[in-house]
Amino acid sequence: MSTNRRKFLRTLAGTVGLAGAAPFYSSAQGECLLETLRLYQDVPAGQLAGDETFWRQVKLAYSVSPTIVNLNNGGVSPQPVVVQEAVERYNRMSNEMPTYYMWRVLDKGREPLRARLAALAGCSPEEIAINRNTSEALETVIFGLPLQAGDEVVLTRQDYPNMINAWKQREKRDGIVLKWLSFDFPIEDDNRIVEAFASAFTARTKVAHVTHVINWNGQVLPARKIAQEARRRGIGVLVDGAHSFCQLDFDIPELECDYFGTSLHKWLGAPFGSGMLYVRQEKITDLYPLFAAPEPDSSDIRKFEHLGTRSFAIEQAIAQAIDFHLMIGPERKQERLRYLKRYWVEEARKIPGFRLHSPAHPAYGCGIALFSLEGVKNQELGDYLFRSHQVHTVPIEWENISGIRVTPNVYTLPEDLGRLLEGIREYAETRR
Ligand SMILES: Cc1ncc(COP(=O)(O)O)c(C=O)c1O
């Protein structure tokens, strides 16, 4: 039995037992969802990916708009109702007597939550810090590493702007040297990417910055292979996991990286403003926290959590999102997202002028895809899709990347994607 399968069954059993504690699971939709999960528990992920009865039931666990089709789940994901309920419950509780309920009651959940996140990430709880988002996690590393003038960092023009800005700020302040790679995505060849990183490494390289899933088009970078090349040369590896954690089915240590940051409000469906930092145990001591701690060079991962007062309701409701994610099943989610992408892309390929700018092969891609229509301005098409079909997508212009990004989620149904296709088809016809 695989680790994921074990995790799934353990958590499903636990959640069913707790159904009375979470109002959603006692509602008609909640009970139907639990029953559906029971009925489908032995169906393999690949087979389940196209089973609309199952996924329609999953959709009922969300409170998403029944009229507007949201295909920008890459920006931030809506939370399942059970997570929203938990935030509201914990927030009301906090407001009865903030210092008591936040610091003496809810904060007691911090260590169990750390353990649950660590189980989800496949690492030790002593390697997980809970924070607010990927930016905070990665900037902790970018600003916390002991780098000197002349030290080199290898990164790409296609990394996320916040991270690029953070590195540029260090370049300006400390005189580190940024070595830029630029890729023409999509690329369905790991070696090309790994070799580009490897050939940029020198004796002065201290860090490789690797975006695991490129947010602009869903390209998956071979993070582990890059990490192996880097670590063989004593170079630290920082992975931006904003779009990979809980979208792809993997354990963080499999990547062999030193640092990994992610936002839990993306693919885990946790409350807005929740994130996580992984630091390989032996790397904790040398990494300074962004918010000062009593012992900044301690080996305790908790030194990265000295943020001051924040919402404990948001933090504690992360656990409900973990339950929900494991109940659906990480592998099932990954396969469903790939299925949805394949579904609309295959149909869209029949439209004259359609161009896909994302990898088609599942090994190099995920649920995120970028497309354009020949001779059409992305912004105008994006506006048309929303105005005429109420389909929300993201027009993107960044470096050498140009197109409209489409990101479904587990609650997206083929008929939602049908609206997107209808809009693209109509627009393409008006341009003929
Ligand atoms: C690749 C990547 N890194 C970092 C971030 C920053 O995430 P957050 O705004 O949650 O900090 C994003 C957000 O979309 C992203 O796509």
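Data block above holds the structure.
Presented here is a report on the structure given in the accompanying data block.

Here we look at the overall build of the protein
- Scanning the protein for helices and strands turns up 17 helices and 13 strands.
- Taken over the C-alpha trace, the protein has a radius of gyration of 22 Å; the compact-globule value for 432 residues is 22 Å, and the two agree within 12%.
- When its C-alpha atoms are laid out on the principal axes, the protein stretches across 55 × 55 × 40 Å.
- When the 432 residues of the protein are sorted by exposure, 57% land in the buried category.
- Put simply, of all contacts in the protein between residues at least 6 apart along the chain, 71% involve residues at least 24 apart.
- Only carbon and sulfur atoms are counted for the fraction: they give 50% of the accessible area of the protein, which is about 17,700 Å².
- Distance between charge centroids for the protein: 1 Å, based on 51 positive and 53 negative side chains.

A look at the site of the ligand
- Close contacts around the ligand come from 13 residues, with Ser-135, Asp-240, Ser-263, His-265 and Lys-266 the closest.
- One of the side-chain N or O atoms of Ser-263 is found 2.6 Å from an oxygen atom in the ligand.
- His-265 places a side-chain nitrogen or oxygen 2.8 Å from an oxygen atom of the ligand.
- Burial of the ligand by the protein amounts to 88% of the accessible area it has alone, namely 390 Å².
- When its residues are assigned to classes, the shell around the ligand shows 3 nonpolar, 8 polar and 2 charged.

Observations concerning helix α17 (residues 414–430)
- An ideal rise of 1.5 Å per residue puts 24 Å on 17 residues; α17 measures up with 24 Å between its terminal C-alpha atoms.
- Within α17, the full set of buried residues consists of Pro-414, Asp-416, Leu-417, Leu-420, Leu-421, Gly-423, Ile-424, Tyr-427 and Ala-428.

Some points on the environment of Ala-242
- Assignment of secondary structure puts Ala-242 in the loop between β6 (236–240) and β7 (259–263).
- Its relative accessible area of 9% is what places Ala-242 among the buried residues.
- Sequence separation between Ala-242 and Leu-178 is 64 residues, and the spatial gap between their C-alpha atoms is 22 Å.

Some thoughts on the packing of helix α16 (residues 378–389) against α17
- Between α16 and α17, the least distance of the axes is 10 Å, while the angle of their chain directions is 120°. Considering their axes alone, α16 and α17 lie oblique with respect to each other. As for the relative orientation of α16 and α17, their crossing is right-handed in sense. Contacts from Glu-380, Leu-381, Tyr-384, Leu-385 and His-389 of α16 reach α17 at Arg-419, Leu-420, Glu-422, Gly-423, Ile-424, Glu-426 and Tyr-427.
- Residues that form the contact of α16 with α17 fall into these classes: 6 nonpolar, 2 polar and 4 charged.

Rules behind the numbers
Residues numbered from 1 in each chain as written. Predicted model: local features only at pLDDT ≥ 70, side-chain atom pairs only at ≥ 80, totals over all residues. Heavy atoms only, no water. Helix = DSSP H or I, 4+ residues; strand = E, 2+ residues; numbered from the N terminus. Rg over C-alpha atoms; globule rule 2.2 N^0.38 Å. Buried < 20%, exposed > 50% of the residue type's maximum accessible area, 1.4 Å probe, protein only. Contact = heavy atoms within 4.5 Å. Areas by Shrake-Rupley, 256 points an atom, 1.4 Å probe, with all protein chains shown as cover. Lys, Arg positive; Asp, Glu negative; His and termini not counted. Charge placed at Lys NZ, Arg CZ, Asp CG, Glu CD. Near = heavy atom within 4 Å. Polar contact = N/O pair within 3.5 Å; in protein donor to acceptor, adjacent residues only side chain to side chain. Nonpolar A, V, L, I, M, F, W, Y, C, P; charged D, E, K, R; others polar. Expected span 1.5 Å × (residues − 1). Axes fitted to C-alpha atoms, helices over the stretch in contact; angles between N-to-C directions. Parallel < 35°, antiparallel > 145°, perpendicular 65-115°, else oblique. Left-handed = near helix turned anticlockwise from the far one by under 90°.

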